[in-house]
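Summary of structural features
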Amino acid sequence: MSKLWTPSNGEGYADVIMGLQHGDEGKGRFVDNLAADYDWVARYNGGANAGHTVEANGITLALHQIPSGVNHPGKKLYIGAQCVVNIVKLLQEIRQVEAAGLSVRDRLYISSQASVIQPSHIIEDEQQTKDSVGTTGNGIGQGYAAQGQRVATGGRRLDVRMGELLSDTEAAFSMIRINLQMAADQYELKDERGNKLDINLLMNEMRIAFEAIKNNIDCDPMRLTNEIRRGAKVLMEGAQAWGLDNTFGVTPNVTGSNVGVAAAFLSTGVPVDFKRQAFGVAKLTPSRVGYGPFVTELGGQRSEVYCMQEAGKLHTKKWEAEHYEGQQDELFASDDDFYVGVATRMDGGEYGASTARPRRMGDFDAQFLRYGIGLNGLNKLFLTKGDKLSIFDKRKKPAIRMATGYTLNAREIDYVPTTDADLRKTQPVYTEYESTNTDISDVRDAKDLPKQVTAYLRAIQEQTGCDILEMGVGPEREQKVSFKADDL
Ligand code: IMP
């Protein structure tokens, strides 16, 4: 037998890709492209809270838990041990993908150590955290809390792993049922008709989903490690983003999981020695959904309150389109950053894909990027929304702004404060760059970019210490510009 610690044969390795802001950076398109060069794509954190769209055979699929590489037929897909899996939603996704003519069940591996998102977690999220934190309502935090807490008073088991569904099915379902009953009783839940919540209905849904996906539960924790030793190339795909990291984000407005490079290796069980490189993804017009500090937010706390009014359901895409119809240029040129934010959101279509919640918009923040880049050891960047650089020319003072530093209590700081109170007091120090109103959505070659855009990208490289590999310049996958070493 070869030594267990033997590194890979040199051909196999793992790369990581993660979002660097507060989610919705548009990572999916890069994972999709990169996937062609790997054998496996592994999702390493979160659950149905993530969202990405994938084009398959001309059909747009809205996926949450299935890794983005799904539209590359030969690639294997892995859901890591630190994911929290909603099997009912997973089955819906699998059916969507199959309806688009792609197979999934023959190549999807779900770690047996991943936790099951139970109906009780979703109920508790709805009742406890959905409105106060602005969560996606998928029971994510509760799923992770159950792992940590393990049992409740009286020894009631709170956490159930995917492998337990397989190895001790009846006991596992009975625990899930008891947890559901307790939550339904505690919150006196009723269905739409005002009757007591039908526990059997929810449990049956889970049973059906389990039967459909049980062959995809993978009980070998060394799966990816052994694959890499044999020469496989693995792309580890993060969900959410650095600003929402459960440890390094600002509590309580974070997600339930760790989202960085270290989490990728923990969740897949792959030894860190197998890391080759890690990529960060950032949007040139950053956004955030849910509550929480956002230093460069256009309109500051007013924007946060406005966007989150009625849990994000009031100022939707439709509402803003009706209310501000034809006024976009005026809004862009406003003295009031709040309206610049509204115009930026409308122009960029920055609303939640499934919830239509308005995304809070901000200016590009190199100081914040340095935080994620530094703590995750990144040196390569993908950028999205390059075509939106032209909107800065519509501002009252035409210039592309970038936060290059912060002040806290009127003193310059070169770190990102770690508490809500401090981060809300933190002010951005902006550097301004020359803007251009040139539409670059048709540019495909770096040499054809306007000099103002090139200069701005060069500044981002200087500010972050990373090479920019590629920039999206429109929503279509082919709308992108790639950069070689001497392009910038
Ligand atoms: P949770 O992950 O559903 O618990 O939500 C916690 C916070 O993370 C909320 O502010 C959510 O809006 C945010 N969040 C979770 N997933 C995503 C995502 O995929 N994109 C953007 N924000 C997200």
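Look above for the structure.
Reference entry: report on the structure contained in this document. Given the structure is predicted, the values throughout are model-derived calculations rather than measurements.

Another aspect to go through is the packing of helix H2 (residues 87–99) against helix H7 (residues 199–213). The relative placement of two packed helices is expressed as an angle between their axes plus a distance between the axes. With their axes 8 Å apart at the nearest point, H2 and H7 run at an angle of 55° to one another. Relative to H7, H2 is oriented oblique. The hand of the H2/H7 crossing is left-handed. Along the contact surface, H2 presents Ile87, Val88, Leu90, Leu91 and Ile94, while H7 presents Glu205, Met206, Ile208, Ala209, Phe210, Ala212 and Ile213. A class-by-class count of the residues in the contact of H2 with H7 yields eleven nonpolar, no polar and one charged.

The description of two aromatic rings rests on the distance between their centres and on the angle between their planes. Scanning the model with the defined rule gives 14 aromatic pairs in all. Centre to centre, the rings of tryptophan 40 and tyrosine 78 are 6.2 Å apart; their planes meet at 75°, and the pair counts as edge-to-face. Of the two residues, tryptophan 40 is situated in strand S2 (residues 40–43) and tyrosine 78 in strand S5 (residues 76–79); the sequence distance between them amounts to 38 residues. Of the two residues, tryptophan 40 and tyrosine 78, neither departs from the other in class, the shared state being buried. Both rings, one in phenylalanine 338 and one in tyrosine 339, keep their centres 5.1 Å apart while their planes meet at 85°; by these two values the pair is edge-to-face. One aromatic cluster is present, built from ring pairs that chain together Tyr306, Trp319, Tyr324, Phe338 and Tyr339.

Sheet strands pair by backbone hydrogen bonding; their relative direction is either parallel or antiparallel. Pairing within the open sheet is mixed, and its ten strands lie in the order S9-S7-S5-S2-S10-S1-S11-S15-S19-S20. Edge strands, defined here as strands with exactly one partner in the open sheet, are strand S9 (217–218) and strand S20 (480–482).

Here arginine 357 is to be found in the loop between helix H13 (337–348) and strand S13 (360–361). Aspartate 24 provides the closest opposite charge to the buried, salt-bridge-free arginine 357, at an N-O distance of 7.4 Å. Those residues in contact with arginine 357 that sit more than four places away from it in its chain are Gly134, Thr135, Thr136, Val289, Gly290, Met308, Ala311, Gly312, Glu350, Tyr351 and Gly352.

Here we take up the state of the cysteines. In this structure the tally under the stated criterion is zero disulfides. Cysteine 219 provides the cysteine sulfur closest to cysteine 83, a residue in no disulfide bond, and the two sulfurs are 16 Å apart.

Mapping leucine 197 onto the fold places it in the loop between helix H6 (169–186) and H7. A relative accessible area of 23% places leucine 197 in the partly exposed class. With 13 residues separating them along the chain, leucine 197 and alanine 184 place their C-alpha atoms 7.0 Å apart. Excluding anything up to four places from it in sequence, leucine 197 contacts Ile123, Ala184, Leu189, Lys190, Asp191 and Leu202.

With respect to the helices and strands, threonine 426 occurs in the loop between helix H15 (420–425) and strand S18 (427–433). The sequence separation of threonine 426 and glycine 472 amounts to 46 residues, and the corresponding C-alpha distance is 30 Å. Ignoring sequence-local partners within four residues, the contact set of threonine 426 consists of Val295, Tyr406, Thr407, Leu408, Ile413 and Pro417. A polar atom in the side chain of threonine 426 sits 2.7 Å from the backbone oxygen of aspartate 422.

Once that is clear, we can look at the site of the ligand. Among the 16 residues in the neighbourhood of the ligand, the closest are listed as Asn49, Thr136, Thr255, Val289 and Arg357. The separation between an oxygen atom of the ligand and a polar side-chain atom of asparagine 49 is 2.9 Å. Measuring from an oxygen atom of the ligand, one finds a backbone N or O atom of valine 289 at 3.1 Å. Relative to its free-state accessible area of 480 Å², the ligand is covered by the protein chains to the extent of 95%. When its residues are assigned to classes, the shell around the ligand shows five nonpolar, nine polar and two charged.

What follows covers the pattern of salt bridges. All told, the structure shown has 31 salt bridges when counted by the stated rule. The closest approach of N and O atoms between arginine 230 and glutamate 227, which form a salt bridge, is 3.5 Å. In this structure arginine 230 comes out as exposed when scored by relative accessible area, which is 61%. Its salt-bridge partner being glutamate 432, residue lysine 397 comes within 2.6 Å of it at the nearest N-O pair. Residue lysine 397 is found in the loop between strand S15 (380–384) and strand S16 (400–408), and its partner glutamate 432 is found in strand S18; the two are separated by 35 residues along the sequence. Look at lysine 397 and you get exposed, because its relative accessible area is 54%. Looking at glutamate 432, the relative accessible area reads 39%, which means it is partly exposed. If you follow the salt bridges from partner to partner, you end up with Asp24, Lys283, Glu350, Arg359 and Lys385 in one network.

What counts, and at which threshold
- The numbers attached to residues start from 1 for each chain and follow its sequence in the written order.
- Per-residue local features are limited, in this predicted model, to residues with pLDDT of at least 70; the limit for side-chain atom pairs, both in listing and counting, is 80 or more; totals at the level of whole chains, interfaces and linings are taken over all residues.
- For side-chain calculations, the full set of non-hydrogen atoms in the structure is used, while hydrogens and water are omitted.
- Every angle, taken between N-to-C directions, lies between 0 and 180 degrees, and every axis is a line fitted to C-alpha atoms, over only the stretch in contact when it is a helix.
- Working definition: helices are DSSP H or I runs of at least four residues, strands are E runs of at least two. Numbering for both runs from the N terminus.
- Angular relationships are summarised with four words: roughly parallel below 35 degrees, roughly antiparallel beyond 145, roughly perpendicular across 65 to 115, and oblique for the angles in between.
- Crossing handedness is read from the near helix: turned anticlockwise from the far helix by less than a right angle, it gives a left-handed crossing, and turned clockwise, a right-handed one.
- In this description, contact between two residues means that some pair of their heavy atoms is separated by no more than 4.5 Å.
- Side-chain classes follow a simple rule in which Ala, Val, Leu, Ile, Met, Phe, Trp, Tyr, Cys and Pro form the nonpolar group, Asp, Glu, Lys and Arg form the charged group, and the remainder, Gly included, forms the polar group.
- Any two rings among Phe, Tyr and Trp, with Trp reduced to its six-membered ring, count as a pair given centres within 6.5 Å; such a pair is stacked if its planes are under 30 degrees apart, edge-to-face if over 60, and tilted if neither.
- Three labels apply to residues, based on accessible area from a 1.4 Å probe with only protein chains included: buried if under 20% of the type maximum, exposed if over 50%, partly exposed otherwise in between.
- When DSSP finds two or more bridges between two strands, those strands count as paired.
- Note that His is not counted, nor are the chain ends; the positive residues are Lys and Arg, and the negative ones are Asp and Glu.
- Salt bridge, as used here: a side-chain nitrogen of Lys or Arg that lies within 4 Å of a carboxyl oxygen of Asp or Glu.
- Defined by distance alone, a disulfide is two cysteine sulfur atoms within 2.5 Å.
- Contacts described as polar in this section are N or O atom pairs within 3.5 Å, which, within protein, must combine one atom able to donate a hydrogen with one able to accept it, while residues neighboring in sequence count only if both atoms come from side chains.
- In these notes, residues near a molecule or strand are those with any non-hydrogen atom within 4 Å of it.
- Per-residue and other accessible areas follow the Shrake-Rupley method at a 1.4 Å probe size, with only the shown protein chains counted as cover for residues.

Geometry only, nothing functional implied.
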